Number of protein chains: 2
Amino acid sequence: VNVAIVGVGLVGSEFIAQVIATQSKKIAVVAVANSRQFLTSPTPLTASWKTDLASASKAFTLDAFTASLAASKATNPTVVLDCTSNENVAAYYPTWLEAGFHVVTPNKKAFSGDLSLYKKIKEIANGAPGAPLVYHESTVGAGLPVINTLNDLVNTGDKITKIEGIFSGTLSYIFNNFSTLDASAEPVQFSKVVSVAKDLGYTEPDPRDDLNGMDVARKVIILGRVAGLDLTQETVNVENIVPESLRSLSSEEFMKKLPEFDSHFEKLNKEAIQNGQVLRYVGLVDPIHGKSSVTLARYPASHPFASLKGSDNIIAFTTERFPSPLIIQGSGAGAAVTAFGIYSDILKIAERTQ
Amino acid sequence: VNVAIVGVGLVGSEFIAQVIATQSKKIAVVAVANSRQFLTSPTPLTASWKTDLASASKAFTLDAFTASLAASKATNPTVVLDCTSNENVAAYYPTWLEAGFHVVTPNKKAFSGDLSLYKKIKEIANGAPGAPLVYHESTVGAGLPVINTLNDLVNTGDKITKIEGIFSGTLSYIFNNFSTLDASAEPVQFSKVVSVAKDLGYTEPDPRDDLNGMDVARKVIILGRVAGLDLTQETVNVENIVPESLRSLSSEEFMKKLPEFDSHFEKLNKEAIQNGQVLRYVGLVDPIHGKSSVTLARYPASHPFASLKGSDNIIAFTTERFPSPLIIQGSGAGAAVTAFGIYSDILKIAERTQ
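Quick caveat, the model's predicted, so the values are computed rather than measured.

Digging into the nonpolar core
Now for step 1: With 147 residues, the main nonpolar core has Trp96, Phe175 and Leu223 of chain A together with Trp96, Phe175 and Leu223 of chain B as its most contacted residues.
Now for step 2: Residues within four places of Leu223 of chain A in sequence aside, it is in contact with Val140, Val146, Ile147, Leu150, Ile163, Phe167, Val285 and Ile315 of chain A.
Now for step 3: Counting residues in each nonpolar core, the second largest holds 29 residues, with Val11, Phe15, Val19 and Val29 of chain B among its members.

Pasting the structure below:
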């Protein structure tokens with residue numbers, strides 16, 4: 001297949017590097033775009049693509065970029081790979097699909113935003129013979145086989161009872177370090193852990209964009225929709241753990257004032273630990289009771305969520321066939337694993353269209 | 001796709017039940033065979049298939065069964081589903097593939113037996129456009145997404161550093177119950193745990209067929225081969241935990257004499273626990289040092305293998321992109337989850353051939 005990439009930041013660049021390194025015979029990257037300009041090529045791009053793109057003369061618009069792909073689509077199945085996190089690009093998927101392009105993306109917007117956009121995409125990419133394909137494994141847990149596994153469960157008629165997981169590498173890191181039953185671990189202040197995570201580049205530039213739970217909520221919405229529920233931001237109950245009085249401050253003031261709330265988090269943590277539990281920030285899809293949510297919850301030491309390390313993600317599917325849940329865990333963020341998920345998705349399209 | 005099933009024991013029957021229950025539009029079961037007779041049908045089989053098969057008049061041979069599928073293959077892509085654990089059926093895969101049938105199976109024999117058979121299968125089912133397809137997700141960990149995930153890692157150029165796991169539900173159950181750091185757990189004798197596992201139907205009729213490690217070795221060989229290594233039963237080092245003097249006894253005598261070795265296992269367990277570790281029977285694929293093995297090993301409490309419950313399987317892929325391993329765990333045995341893996345495999349073939 002030919003691949004045309006919109007967005008060549010860390011993930012897009014890493015994907016191209018993986019394709020070049022593996023000398024893939026199934027994938028040819030034939031177009032790349034950033035927000036300013038784009039480049040199309042009759043032959044697969046080579047390692048010099050960054051320089052070539054920088055000197056490209058074509059101004060980027062979604063329409064101009066799409067028009068330039070007509071030649072590619074005429075000769076080979078062509079995948080548009082959206083490596084932005086842009087809402088306008090997501091809104092363009094139906095146009096691409098109707099024009100016969102396949103779509104692969106780690107961008108969560110189309111699958112967690114307007115329900116009407118999601119339904120439109122599913123209507124066009126409906127799995128019928130010849131219909132265009134959409135894969136978005138990397139929208140949840142990066143390259144971890146989460147979406148594909150859930151699709152397999154649903155498509156074979158399993159009944160999903162519960163999907164529960166730690167979907168934010170940032171919040172995984174923060175609570176794995178803040179809340180532990182390991183008696184030998186140094187006790188640490190919540191604000192300090194957040195500050196270290198920020199310095200390590202694990203958080204968004206403003207850590208409140210992690211702590212407000214919206215990123216986790218998007219992942220809950222995506223999983224819920226794949227499981228057949230019409231979840232939206234309004235129907236998922238999100239526990240925003242940013243103290244209310246810190247929500248409208250500047251980012252600097254927020255970091256400065258967060259220590260004032262250390263005793264609040266310390267109290268929550270102590271209550272948990274005294275009960276042999278730890279705090280974890282989890283997303284829940286609950287088809288049975290219809291109460292999907294994002295909450296700061298408590299888990300006993302024997303629970304797989306309690307022994308999570310570093311910034312790993314973990315997800316547990318409880319189903320009719322898996323009453324003891326099917327669990328997937330591992331690195332759920334970073335360019336290498338996100339690009340791995342993208343690469344796997346595109347290989348699946350290559351296999352299905354060959 | 002049309003599906004022709006050889007072997008309709010628990011797993012084959014459960015697969016048909018799942019297809020009927022989900023009213024699949026993509027899958028039509030058009031032939032079933034047991035070791036004595038077979039039945040082909042111009043229309044998809046219905047719930048009465050067992051009675052129909054019992055009164056079928058055609059005597060089963062692999063050649064006769066295959067000849068009867070010519071009409072099916074002429075109209076639709078046709079998958080032969082091998083639900084036996086038979087070596088002769090496995091040896092027939094090249095014949096089916098060369099005749100243009102696809103193959104799906106939970107039977108481990110073709111992928112863990114003669115290396116030449118495995119290579120012949122890979123030569124025919126090589127992923128080239130139009131080549132027949134072979135899927136065998138359920139050969140390791142039943143329906144857990146183990147083989148597909150490993151294939152994705154390999155096909156996208158990741159470097160596998162280590163594959164380590166608990167691949168036997170039986171031995172998972174035995175050691176999860178025998179070796180635990182939970183101080184409140186009743187201490188239990190090894191022979192007693194084996195006996196309970198046998199009574200619950202978790203073991204083979206002769207538990208030595210689990211304890212000798214050969215089933216785990218087969219799974220190590222399969223994973224190693226998918227990862228690109230030419231593993232064979234000769235190159236995998238297997239720790240048979242059946243005491244030597246009990247290996248040639250009758251099954252009854254074995255169960256009667258096993259208690260004489262309780263102190264041996266108790267000593268191993270105590271040594272582990274005094275070091276804050278538990279015993280687990282693990283398979284290891286080791287591409288770096290070339291020392292793939294099956295051993296009774298020790299893991300600290302914080303390791304994901306230590307908190308495994310029931311008879312769950314767990315598998316950890318350590319790779320260049322996942323230095324903190326990608327871990328999959330859950331039920332790895334039983335008809336429902338094995339049939340789920342088969343069903344998912346066949347849907348993938350349906351998607352690739354539509």
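A short note on the pattern of salt bridges
Now for step 1: Within this structure, the stated rule accounts for 18 salt bridges over all chains.
Now for step 2: Here Glu351 of chain B and Arg352 of chain A are joined by a salt bridge, their closest N and O atoms 3.5 Å apart. Of this pair, Glu351 of chain B sits in helix α16 (residues 335–353) while Arg352 of chain A sits in helix α16 (residues 335–353), placing the two residues on different chains.
Now for step 3: With a shortest N-O distance of 2.9 Å, Lys119 of chain B and Asp230 of chain B are connected by a salt bridge. Note that Lys119 of chain B is positioned in helix α8 (residues 115–124) and Asp230 of chain B in the loop between α13 (214–226) and β9 (237–238), a separation of 111 residues in sequence.
Now for step 4: On the accessibility criterion, Lys119 of chain B (41% relative accessible area) is partly exposed.
Now for step 5: When its relative accessible area of 45% is taken as the criterion, Asp230 of chain B is described as partly exposed.
Now for step 6: What emerges from the salt-bridge pattern is a single network uniting Lys108, Asp215 and Lys219 of chain A.

Describing the domain arrangement of chain A
All names here are of chain A.
Now for step 1: Segmentation of chain A into domains returns domain 1 (2–143 + 335–353) and domain 2 (154–331).
Now for step 2: Distance from the C-alpha centre of domain 1 to the C-alpha centre of domain 2: 30 Å.
Now for step 3: Counting from both sides, the interface comprises 15 residues of domain 1 and, opposite them, 15 residues of domain 2.
Now for step 4: In total, domain 1 and domain 2 occlude about 1,300 Å² of area from one another, counting both sides; carbon and sulfur atoms represent 61% of this.
Now for step 5: Between the two partners, domain 1 and domain 2, sit two salt bridges.
Now for step 6: Where domain 1 packs against domain 2, one counts five residue pairs in polar contact (both at pLDDT 80 or more).
Now for step 7: Listing elements by their share of the side of domain 1 that touches domain 2, those giving two or more residues are α7 (109–112) and α8 (115–124).
Now for step 8: Top element by residues in the side of domain 1 that touches domain 2 is α7. It accounts for four residues.
Now for step 9: Its residues assigned to classes, the side of domain 1 that touches domain 2 comprises six nonpolar, five polar and four charged.

Conventions used here
- Within any chain, residue numbers begin from 1 and follow the written order of that chain's sequence.
- All chains are assigned letters beginning with A, and all ligands numbers beginning with 1, in the order in which they are written.
- Where local features are concerned, this predicted model is filtered to residues with pLDDT of at least 70; where side-chain atom pairs are given and counted, the filter is 80 or more; whole-chain, interface and lining totals use all residues.
- For the side-chain quantities, the full set of heavy atoms in the structure was used; hydrogens and water were omitted.
- Among buried residues, the Ala, Val, Leu, Ile, Met, Phe, Trp, Tyr and Cys ones that are joined through side-chain atoms within 4.5 Å form a nonpolar core.
- Three exposure classes are used, based on accessible area relative to the maximum for each residue type with a 1.4 Å probe and protein chains only: buried under 20%, partly exposed in between, and exposed over 50%.
- Throughout, a residue-residue contact means that at least one pair of heavy atoms, one from each residue, lies within 4.5 Å.
- Salt bridge, as used here, is a side-chain nitrogen of Lys or Arg placed within 4 Å of a carboxyl oxygen of Asp or Glu.
- Strands here mean DSSP runs of E at least two residues long; helices mean DSSP runs of H or I at least four residues long; both are numbered from the N terminus.
- By convention here, the domain bounds are inherited from an automatic or database domain assignment.
- What gets called buried area is simply the loss in accessible area from a 1.4 Å probe that two parts show on being joined, summed for both.
- For the purposes of these results, a polar contact is taken to be a pair of N or O atoms within 3.5 Å, where, inside protein, one atom must be able to donate a hydrogen and its partner to accept one; residues adjacent in sequence count only when each atom of the pair is a side-chain atom.
- Residues are grouped as follows: Ala, Val, Leu, Ile, Met, Phe, Trp, Tyr, Cys and Pro are nonpolar; Asp, Glu, Lys and Arg are charged; all remaining types, including Gly, are polar.

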